[in-house]
Every structure is written in C-alpha cells, then in structure tokens.
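# Structure at a glance
So you can see what is in the structure, the chains are spelled out below.
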Amino acid sequence: MNLVLDDDLFDAQFVRALAYVRSGGAELGECIGTARRITKTDGELWYREWLATAERAETAAHAASEVGDLVTARGGFLRASNYYRTAGLFLMGSPVDERFRDASHRQTAAFRAGAALLDSPPEILAIPYEGTTLPGYFFHAGDPDDRTPRATMILTNGYDGTVEELYFANAAAALERGYHVLAFDGPGQGSVILDQGIPFRPDWENVVSPVVDVAVARPEVDADRLVLVGWSFGGYTAPRAASGEHRLAACVADSGPYDLHDATVSRIPGVLAHQLPDGNRLALGVLEKAMESTMRKPSAGWALRRNLWVHDVDDPMAFIELARDYTMKGREHLVRCPTFVSHTLGDDISADAPKLAAALTCPVEYVEFGRDDDVTGHCEMTGRAVFHERLFRWLDGVLGEPSATR
C-alpha cells in the first residue's frame, strides 16, 4: 500500500527520503508536504518540488549558522543534502541533464557543510584507484584523536545512491554502535560516473581492494575486523568483492540481485524473454521497441534509463547482454568470510537473495523481513532500524564481542 503518492516508484522514493528522519536527513512534515505537492507522475514536477524544499532547508541552515546556532544549521544542511539528492533522481540518464548535475553537486556541498558540524566531523578522502581517485569519507566513532583500533565498516553503494546518502542509510547506525566507517563511491556511482564518466564494472573486488588498502593503513582501524556492507545493487557488488578480497571479517549483501541478467529478464514477458539472446528476429525487434517505448515513461522507464547511463551502453538490448557479467553464479565458493544476506518480501530486485544465501559455502545468516516485522520496500526502507538491529546483533556474534564495547 502506498503512503502518499499513487505511483509505486514515486512513493517508494518518497519513503526513501523520509526514512532518514532518525539519522538526521529528513523531517516528517517537509517530506509529506513536498510529496503532496507532486500531484502527478511527472519527473519535472518531482524535481521542482524537492528542489524547493531543499533550498528552503539550506537557506534556514545558513541563517542559523550566521547567528551561531550550529545545531540548527547542522540539521538543515543534512536535510537539504538528502532533498537535493531526491530532487535529481528522475532526471538521471544520458545525456546528463545539467539540473541533475547541479542537484548532485549541491547535495554534496550541503552534506559537507552539515557533516563539518558533527561532534566528530568526517575526513574527506580521495582513494587512489587506477590513475584517478574515488571520493569517500572516514567517520570516526568517538574522539577522532583516539587511535585505538576499532571494528570498521566499509560501505559500498548501489545504482543511484551517493556516498553522502550512505551516512544516513548505514553510517549513523554504525557510529552509534562504536564502529568507524569508511564510505565511498565506486565506478558507476555518484560523482564517479557523473563527473569522471567511469561506468560500472562487474569485478568489484578490484574496486574494494584499494579501499581496503586505505582502511588498513589507518592506525585506528582494526584490520582483523573489517566489515563490507553493500545495499541495493551493492548487495551484488559486496559479495562479489568478498569473493576476491579476503581481508574482510564479514560481508553484508542487503537486498541485491544474485544474477543481474536473471533479474532483468524476469521483468520481460516470457514469450519474448525466451528469444534472448539470438532467437526470432521479429520477436527481438518487438522487445527492443517495447523497451525503448518504456524508457520514455517518467516512472516505468526510470530504472532502464539509469542503468544504461551507469553502464555506459546505448540501448536496452546491449544492457541485457552486458548484465550477464554481473553474477555470483560460480563464485559463491570463493567467499570465505561470514556473510549476512537480507531480503524484504515483495522486493523483486532481491527476489533471488535466498538462492544466493543457499549457494554460499561460507557461514551465512539469511534474514527475510516482512509483515511480522512491519518492514516493507526495497532495502527495508520502512524499517532501517529493524534491519540494523538484526545486522548488528549478528555482527556481535561474528566479531566476538558486543559492539557497545568497541
């Protein structure tokens, strides 16, 4: 059941923005008020209304900062960051809409203004990676001058998030429990695709290993207690990384696909899907035209437009073929560290999460959320606190001591 908006995807993205109330990234009235002004399934209207809310929050934050009210300023900047990110969502695609670029840059600037006012501001990182750098943040749990080694979470993103959003989604909860956090954007994500034009790659172990190098070089990081957490498409890239990077003590696959090609084809009518990849030309032509028509729809075509952009392909058929490379099939036995796999009932993106959990040969904790938990939506968006309760309870057992003592 939708909360405010009639369109399922628009409502889900509204819930995503709203979900960050607890971690300081949203206000109930601001989100509901904005959603109610979006009276039709229109990406332009969505952009204008969320942008207006973001600008209002940021303006108030600047005013508070000028009079020394830093608590109010911090909250306003952090909420503005989330709202700017939300504003640009339905503009994603190729060629890049300059309004999307502007909203993305403003969400980064607002986040950094707010994060600088946290009790322990994060360090802004430039992680060396194949002749360039990946953007990241290192968040200290407690006093940043305390170099006592602690368990550390490395956070990796999905298709359409940003490294700044990772603070609201997972970092704040980890910091409360005494974990340091290193969050980053990799190829195909955030500013790496937007400003550097570097698309996704399937072998995420070659993305995460340079990040692990940076983490273990820090004296406050316990190199024996590194946890890699991936959500949404990161629910694929995290276990894929763990299949090749063995310095991890634990891995978390939160609501990701087991096999991207299977997940993609499952959305295609069977009579057409059976013709892939080299079947009846007429049927394949019908499929291609149908997908191109879908791409023009503001909601139904959003994921496909986004996917083509972040993978740097020109047409839907090319994406379907490329998706074959993004699979955990045949690599399950290479994951050595204990792994937490989660899925919310009704989430088609992670529908095959049970298959991944069953195929892994490492110690596995599979958690399915649903009606009994009052959790719905992709990535448990109506119940992130419930997700974190289950995750950190499991991590306490894996890492061998209560997180509160770290």
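Residues numbered from 1 in each chain as written. Predicted model: local features only at pLDDT ≥ 70, side-chain atom pairs only at ≥ 80, totals over all residues. Heavy atoms only, no water.

### Focus on the overall build of the protein chain
Of regular secondary structure, the protein chain possesses 16 helices and 8 strands. By the compact-globule yardstick of 22 Å for 406 residues, the protein chain fits well, its C-alpha radius of gyration being 21 Å. Referenced to the eigenvectors of the C-alpha coordinate spread, the extents of the protein chain come out at roughly 65 × 50 × 50 Å. A total of 406 residues make up the protein chain; the buried ones form 57% of that total. (Helix = DSSP H or I, 4+ residues; strand = E, 2+ residues; numbered from the N terminus. Rg over C-alpha atoms; globule rule 2.2 N^0.38 Å. Buried < 20%, exposed > 50% of the residue type's maximum accessible area, 1.4 Å probe, protein only.)

### Observations concerning the pairing of strand β1 (residues 123-129)
In terms of strand pairing, β1 meets strand β2 (residues 132-139) through 7 bridges, oriented antiparallel. Bridge assignment links isoleucine 124 to a residue of β2, and that residue is tyrosine 137. Linking β1 to β2, which pair antiparallel, is a turn of 2 residues; within it glutamate 130 sits at a positive phi near 45°. (Pairing = 2+ DSSP bridges.)

### Remarks on the nonpolar core
In this structure, Met153 and Phe184 are the most contacted members of the largest nonpolar core, which totals 129 residues. In terms of residue count, the dominant contributor to this core is helix α6 (residues 165-176) (8 residues). Here methionine 153 is in contact with Ala174, Tyr179, His180, Val181, Leu182, Val227, Val229, Leu391, Phe392 and Leu395, once residues within four sequence places are set aside. (Core = buried A, V, L, I, M, F, W, Y, C linked by side-chain atoms within 4.5 Å. Contact = heavy atoms within 4.5 Å.)

### Here's the deal with the confidence of the model for the protein chain
In regions of low pLDDT, the predicted coordinates are not meant to be interpreted in detail. Mean pLDDT over the protein chain: 95, with 99% of residues reaching 70 or higher. Confidence over residues 402-406 falls short of pLDDT 50; this stretch has 15 contacts with residues more than four positions distant or in other chains. (pLDDT = per-residue confidence, 0-100.)

### What about the sheet that holds strand β3 (residues 150-156)?
In space, the 8 strands of this open sheet follow the order β1-β2-β4-β3-β5-β6-β7-β8, with mixed pairing throughout. Both outer strands of the open sheet, β1 and β8 (364-369), are each paired with one neighbouring strand and no more. In this sheet, adjacent strand axes meet at a mean angle of 20° when their direction is disregarded. Two elements, strand β7 (residues 339-344) and β8, share 6 bridges in a ladder whose sense is parallel. Counted as the bridge partner of threonine 339 is valine 364 from β8. (Axes fitted to C-alpha atoms, helices over the stretch in contact; angles between N-to-C directions.)

### Quick word on the packing of helix α4 (residues 70-88) against helix α5 (residues 98-115)
The geometry of α4 relative to α5 is characterised by a closest axis approach of 7 Å and an angle of 160° between their N-to-C directions. Taken together, the axes of α4 and α5 lie roughly antiparallel to each other. For the pair α4 and α5, the crossing hand works out as left-handed. Of the residues in α5, those touching α4 at Arg74, Phe77, Leu78, Ala80, Ser81, Tyr84, Arg85 and Gly88 are Phe100, Ala103, Arg106, Gln107, Ala110, Phe111, Ala113, Gly114 and Ala115. Counted by class, the contact of α4 with α5 contains 10 nonpolar, 4 polar and 3 charged residues. (Parallel < 35°, antiparallel > 145°, perpendicular 65-115°, else oblique. Left-handed = near helix turned anticlockwise from the far one by under 90°. Nonpolar A, V, L, I, M, F, W, Y, C, P; charged D, E, K, R; others polar.)

### Quick notes on α5
Over its 18 residues, α5 extends 26 Å from the first C-alpha to the last, a length consistent with the 26 Å expected when each residue adds 1.5 Å. Those residues of α5 that sit buried are Phe100, Ala103, Ser104, Gln107, Ala110, Phe111, Gly114 and Ala115. Buried residues along α5 cover an arc of 130° about the axis, so they all sit on one side. In this structure, the buried residues of α5 make contact with α3 (43-66), α4, β2, α6, α7 (190-194) and α13 (302-311). (Expected span 1.5 Å × (residues − 1). Arc of directions from axis to C-beta.)

### Notes on the UniProt feature "domain: AB hydrolase-1" (unreviewed entry) in the protein chain
Within the UniProt annotation, "domain: AB hydrolase-1" (unreviewed entry) is assigned to residues 165-326. What you have in residues 165-326 is 49% helix and 13% strand, and the ends, taken at the C-alpha atoms, are 24 Å apart. (UniProt positions renumbered as here; feature names shortened; annotations may be inferred.)

### A look at the packing of α6 against helix α16 (residues 384-399)
Where α6 contacts α16, the axes come no closer than 11 Å and their chain directions differ by 50°. Relative to α16, the element α6 is oriented oblique. Between α6 and α16 the crossing geometry is right-handed. Contacts between α6 and α16 pair Ala169, Asn170, Ala173 and Ala174 from the former with Arg384, Phe387, His388 and Phe392 from the latter. A breakdown of the residues in the contact of α6 with α16 according to their chemical character gives 5 nonpolar, 2 polar and 1 charged.

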